Amino acid sequence: MFLCKRFHSLSLSRFQNHFPLRFHRFLRKQTDPTTHFSTSLQNQTNPLENMSRLDGVEHRTLKVNGINMHVAEKPGSGSGSGEDPIILFIHGFPELWYTWRHQMAALSSLGYRTIAPDLRGYGDTEAPEKVEDYTYLNVVGDLVALIDAVTGGDKAVFVVGHDWGAMIAWQLCQYRPEKVKALVNMSALFSPRSPDRVPIPTLRCVFGDDYYICRFQKAGDIEAEFKKLGTEIVLKEFLTYKTPGPLYLPKGKYFKLSENAATALPPWLTQEDLDYYVTKYNKTGFTGPINYYRNIDRNWELTAPWTGAKINVPVKFIVGDQDLTYNSPGAKEYINGGGFKRDVPLLDETVVIKGLGHFLHEENPDVINQHIHSFFHKFL
């Protein structure tokens, strides 16, 4: 969650911080990659409708890159020939395949074959014990093997990423661009690797030891604290966080919890949704997901060969104006000042949606689904 903290003025690295049109309309195409501001529509989804959207989702386990990966899939309602275009959805923290339930329902109805795995360490996917087994290279290796398994090994897919999933998608595009037809990424901007600053020490210097990424570094510590707090409270606080500023987790004072005021769920997150997440995290714990953060410096070391590399895949980027990643130092300047387009030459459009926070694809799925479909439709 919120890992893309950009501070270009400080030269920090990237880690700091849906076929025929069946929608009522397409969003108008931009003629240049400058920022497009969009007004969010009110989400009217009710809990029963929300849960019914899981109808038709198939689950299986595939052996990929040496691990057993749980994959959720919803076939497209297209030709039925098995040639429906594939969208691979990559989730972030603290999420699961389930975060894409709205996108899978809407886009499969438009003829896409939608696929959403639990990443390694998450949900029903195997969780290697070693911290060093959660690097970019490991996770991208999983996804390349998954793409090969679902395509027969000779086709590219559309990719949608959010949060850590977006950062992994950027890496997938750097290492294996031939595997990606086009990319829609949300929340986490691309940033070229900086050879000058090691990420975690820099974060400690800028934000202090209570900054959440710094608090995640020592194996076992934050897991023990989360256990005392309770899985439901931890997930609720992360999933409902909507403060456009740095996230701090001082010991014993997480999320500024009040003994007299429980955090209310927003309209887009039902108790049934939260219960699903809680069930899976109670089963597997937080160690696998948090190990991604514990590899930030290791990723910086391993990706040295890609210093200066650009993203040569067609991209649409979407972010909420209340997302702390959009409000982090240097982010708006990077988008509006030409840096983003320089590093992502095939950037088609950046869309900033007013009123949405970090979990924008859940907060207003209808708008996000329209953006995904209108972009991918160009490449069919």
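Refer to the structure presented above.
Residues numbered from 1 in each chain as written. Predicted model: local features only at pLDDT ≥ 70, side-chain atom pairs only at ≥ 80, totals over all residues. Heavy atoms only, no water.

### Focus on the overall build of the chain
This is how it is decided: Helix numbering and strand numbering both begin at the N terminus, where a helix is a DSSP run of H or I of at least 4 residues and a strand a DSSP run of E of at least 2. Burial classification: accessible surface area is computed with a 1.4 Å probe over protein chains only, and a residue below 20% of its type maximum counts as buried, one above 50% as exposed, and the rest as partly exposed. Accessible areas in this description were obtained via Shrake-Rupley with a 1.4 Å probe; residue shielding takes into account the shown protein chains only.
Summing up its helical and strand segments, the chain has 15 helices and nine strands in all. For the chain, the proportion of its 380 residues judged to be buried stands at 59%. If you sum the accessible surface of the chain, you get close to 14,800 Å²; carbon and sulfur atoms cover 51% of it.

### Re the nonpolar core
The condition is simple: Here the nonpolar core consists of buried residues drawn from Ala, Val, Leu, Ile, Met, Phe, Trp, Tyr and Cys, with membership extended through side-chain atoms lying within 4.5 Å. Here, two residues are considered to be in contact whenever any of their heavy atoms come within 4.5 Å of each other.
Counting residues in hydrophobic clusters, the biggest one holds 108 residues, and the most contacted among them are W170, F216, F340 and F376. Per-element accounting of this core gives the leading share, nine residues, to helix α4 (residues 164-175). Those residues in contact with F340 that lie beyond four places of it in its chain are W170, L189, F190, F317, Y334, I335, L347 and T350.

### Observations concerning helix α3 (residues 136-151)
Quick note on the threshold: For a helix, the expected span equals 1.5 Å multiplied by the number of residues minus one.
For α3, built from 16 residues, the straight-helix expectation of 22 Å at 1.5 Å per residue is met to within 8% by its first-to-last C-alpha distance of 22 Å. Those residues of α3 not exposed but buried are Y136, N138, V139, V140, D142, L143, V144, L146, I147, V150 and T151. Following α3 by one or two positions, G152 adopts a phi angle in the positive range, close to 90°.

### Regarding helix α2 (residues 101-108)
In terms of residue burial, α2 counts as a mostly covered element, since eight of its eight residues are buried. All of the buried residues along α2 are R101, H102, Q103, M104, A105, A106, L107 and S108.

### Description of the pairing of strand β3 (residues 67-74)
Stated formally: A strand pair is defined by DSSP finding two or more bridges across the two strands.
By the criterion of burial, β3 is predominantly enclosed, with seven of the eight residues buried. Where strand β2 (residues 58-64) meets β3, seven bridges bridge the pair, whose relative direction is antiparallel. Bridge pairing in β3 places R60 opposite V71. Following β2, the chain reverses through two residues before pairing antiparallel with β3; N65 in that reversal takes a positive phi of roughly 50°. As judged from the four bridges shared by β3 and strand β5 (residues 113-117), these two strands associate in the antiparallel manner. By the bridge assignment for β5, V71 is matched with P117.

### Here's the deal with the packing of aromatic side chains
What characterises a pair of aromatic rings is the spacing of the ring centres plus the angle enclosed by the ring planes. Rule in force here: The pairing test for Phe, Tyr and Trp rings, Trp by its six-membered ring, is centres within 6.5 Å, and the orientation test on the planes gives stacked under 30 degrees, edge-to-face over 60, and tilted for anything in between. The criterion is that NZ of a Lys, or CZ of an Arg, lies within 6 Å of the ring centre and within 35 degrees of the ring normal, and then a charge sits over that ring.
For the structure on display, the rule yields 34 aromatic pairs. Aromatic pair F216 and F226: ring centres 6.3 Å apart, planes at 90°, arrangement edge-to-face. Of this pair, F216 sits in the loop between α6 (212-215) and α7 (221-229) while F226 sits in helix α7, placing them ten residues apart in sequence. Judged on exposure class, the residue F216 and its partner F226 are both buried. Ring centres of F226 and F238 lie 6.1 Å apart, and the angle between their planes is 75°; this geometry places the pair in the edge-to-face category. With a gap of twelve residues between them, F226 in helix α7 and F238 in helix α8 (residues 231-239) connect regions that are remote in the sequence. The buried category is assigned to F226, whose relative accessible area is 1%. Judged by relative accessible area, which is 0%, F238 ranks as buried. In this structure, R193 is placed above the aromatic ring of W300, and the distance from its NZ or CZ to the ring centre is 4.6 Å.

### Comments concerning the pattern of salt bridges
Let me state the cut-off plainly: Here a salt bridge means any side-chain nitrogen of Lys or Arg lying within 4 Å of a carboxyl oxygen belonging to Asp or Glu.
Enumeration over the complete set of coordinates arrives at 17 salt bridges. Taken together, the shared-partner salt bridges in this structure form one network comprising R60, E73 and R113.

### Digging into the environment of D133
Considering the arrangement of structural elements, one finds D133 in the loop between β5 and α3. Looking at D133, the relative accessible area reads 24%, which means it is partly exposed. For the pair formed by D133 and R120, sequence separation is 13 residues and the distance between their alpha carbons is 9.2 Å. Sequence-distant contacts of D133, defined by excluding residues within four places in its chain, comprise R120, P128 and N138.

### Overview of the pairing of strand β9 (residues 347-354)
Of all eight residues in β9, seven are buried, a share of seventy percent or more. Pairing geometry for strand β8 (residues 315-320) and β9, over six bridges, is parallel. Residue pairing for β9: V315 is matched across the bridge by L347.

Read these as spatial facts, not as claims about activity.
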